[in-house]
Amino acid sequence: MASIKSEQIYQRMKRDISGMAPDTRLQSIRSLMRSYSVSQLLIDRTLDRLQEEGILRRRSDGLYTYLREDADSRAFALITTDWPSIVRMEQQECLKRRAAIRGIRILPFSHPFRSSFRSIGQQENLKAILISPPSPLTAEDIFQIQNSRIPILIINHLYGEMALNFVSPSYYEGGMLAAEYLIRKGHRKLALLFSQPHSWCMNQRVAGFLKTAELFDANVQVLDVQVQNGEPADEKVYPFLMDFLERQRPDFTALAALCDCTAKTAICAFAASGYKTPDDISVIGAEGLNASMYFLPPLTSVGVDLNHYMDTVLDTAEVLIRDPNRQIQIAEPQKVFERASVKAISKETGDRT
């Protein structure tokens, strides 16, 4: 958390920069230290923060103000819903950081969860539009994307059967990796916590998990919480699991959840019912959130390398700007982020090693 002093310097500098003309070169670090009577470390941290937020941009000869949208020749829109999501927040912050390195400004726009992204008007200065749709696209959505004057790139969804450009994790692969990892650790009795709405992405993740478990002849008990679109999953997962654990003793040694946050909720429910993770029940999540490394225990999860994913998104958008007629469809590879919530057990005896 920023100190009071650093927050004061940040607010002062941000206010001062807002009074400058766009594309004004900032004074030197030493001059800024004198102007604000603070150390170089504090100046460096403040400048980094202003760059991440798109208020400043770096060129080869220094830092420049980057405030007026019509002065920005490399602005990308990022369109998402207003539904709170840690996954989306981590993606957005990472995208801003990776874009700032390239001198690209990310302009975030959000629309109500149950409305279309088409409710957001396009700005004249945009060079590309990145859309993370919350649900399958409608015919009207597809028509607008295919006829847009600005290159549009879908993220977080695969549309291989349509002539749409996308970069997305392979959710089916993610489910496969989670099941394979647990099985390699010796777990043959598995539970799959269907802790999200039955969207296409989540159904793909489940299908990959179940297919892999079937290939290895592992048993899977599906625990479907019946979360609906727009419902807070954690608030349904915890009482669901508490009721389940009160009625019966788990006949599984490992549980996979469809996202990291509900995996954490599952760990809390197990603990409240007297089961330790991973000593009694191992838990694996999905999405690979950076925040999940700070869970107790640190959560093993399947997801994408976020820096690589966002770089791929930016690379693809820049290709589409140069060649609007190009069609690009990329399934971003997933990996296992191995931490402490899964414990190996003996394949023969079922005992934990």
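Throughout what follows, the structure given in this document is the object of discussion. Here the structure is a predicted model, which means the values were calculated and not measured.

### Section: the state of the cysteines
Argument step 1. Under the definition given, this model contains zero disulfides.
Argument step 2. Summary of cysteine pairing: C201 is not part of a disulfide, and the nearest cysteine sulfur, belonging to C259, is at 13 Å.
Argument step 3. The exposure class of C201 is buried, given its relative accessible area of 6%.
Argument step 4. Cysteine C268 is unpaired, with the sulfur of C261 as its nearest cysteine sulfur at 11 Å.

### Focus: the sheet that holds strand 10 (residues 254–257)
Argument step 1. Taken in spatial order, the six strands line up as 9-8-10-11-12-14 in an open sheet, and their pairing is mixed. Among the strands making up the open sheet, the edge pair consists of strand 9 (219–224) and strand 14 (335–337). Within this sheet the neighbouring strands show an average axis-to-axis angle of 25 degrees, counted without direction.
Argument step 2. As defined by bridge partners, strand 8 (residues 189–194) adjoins strand 9 across six bridges and the pair is classed as parallel. Counted as the bridge partner of K189 is N219 from strand 9.
Argument step 3. Along the sheet, helix 8 (residues 233–247) makes contact with strand 8 and strand 9, crossing strand 9 at roughly 125 degrees.

### Overview of the pattern of salt bridges
Side chains bearing opposite charge may pair, as long as their charged atoms lie close to each other.
Argument step 1. Applying the stated rule across the entire model yields eleven salt bridges.
Argument step 2. A salt bridge links R98 to D311, with the shortest nitrogen-to-oxygen separation between them at 2.8 Å. Here the residue R98 occupies a position in helix 4 (residues 86–101), and D311 occupies one in helix 10 (residues 306–322), the gap between them amounting to 213 residues.
Argument step 3. On the basis of relative accessibility, which here comes to 23%, the residue R98 falls in the partly exposed class.
Argument step 4. Of the charged contacts in the structure, one is a salt bridge between D311 and R102, with a shortest N-O distance of 3.7 Å. Placement of D311 in helix 10 and of R102 in the loop between helix 4 and strand 4 (105–111) is noted, with a sequence separation of 209 residues between them.
Argument step 5. Here R102 falls in the partly exposed class, since its relative accessible area comes to 25%.

Rules of the game
Residues numbered from 1 in each chain as written. Predicted model: local features only at pLDDT ≥ 70, side-chain atom pairs only at ≥ 80, totals over all residues. Heavy atoms only, no water. Disulfide = S-S within 2.5 Å. Buried < 20%, exposed > 50% of the residue type's maximum accessible area, 1.4 Å probe, protein only. Pairing = 2+ DSSP bridges. Helix = DSSP H or I, 4+ residues; strand = E, 2+ residues; numbered from the N terminus. Axes fitted to C-alpha atoms, helices over the stretch in contact; angles between N-to-C directions. Contact = heavy atoms within 4.5 Å. Salt bridge = Lys/Arg side-chain N within 4 Å of Asp/Glu carboxyl O.

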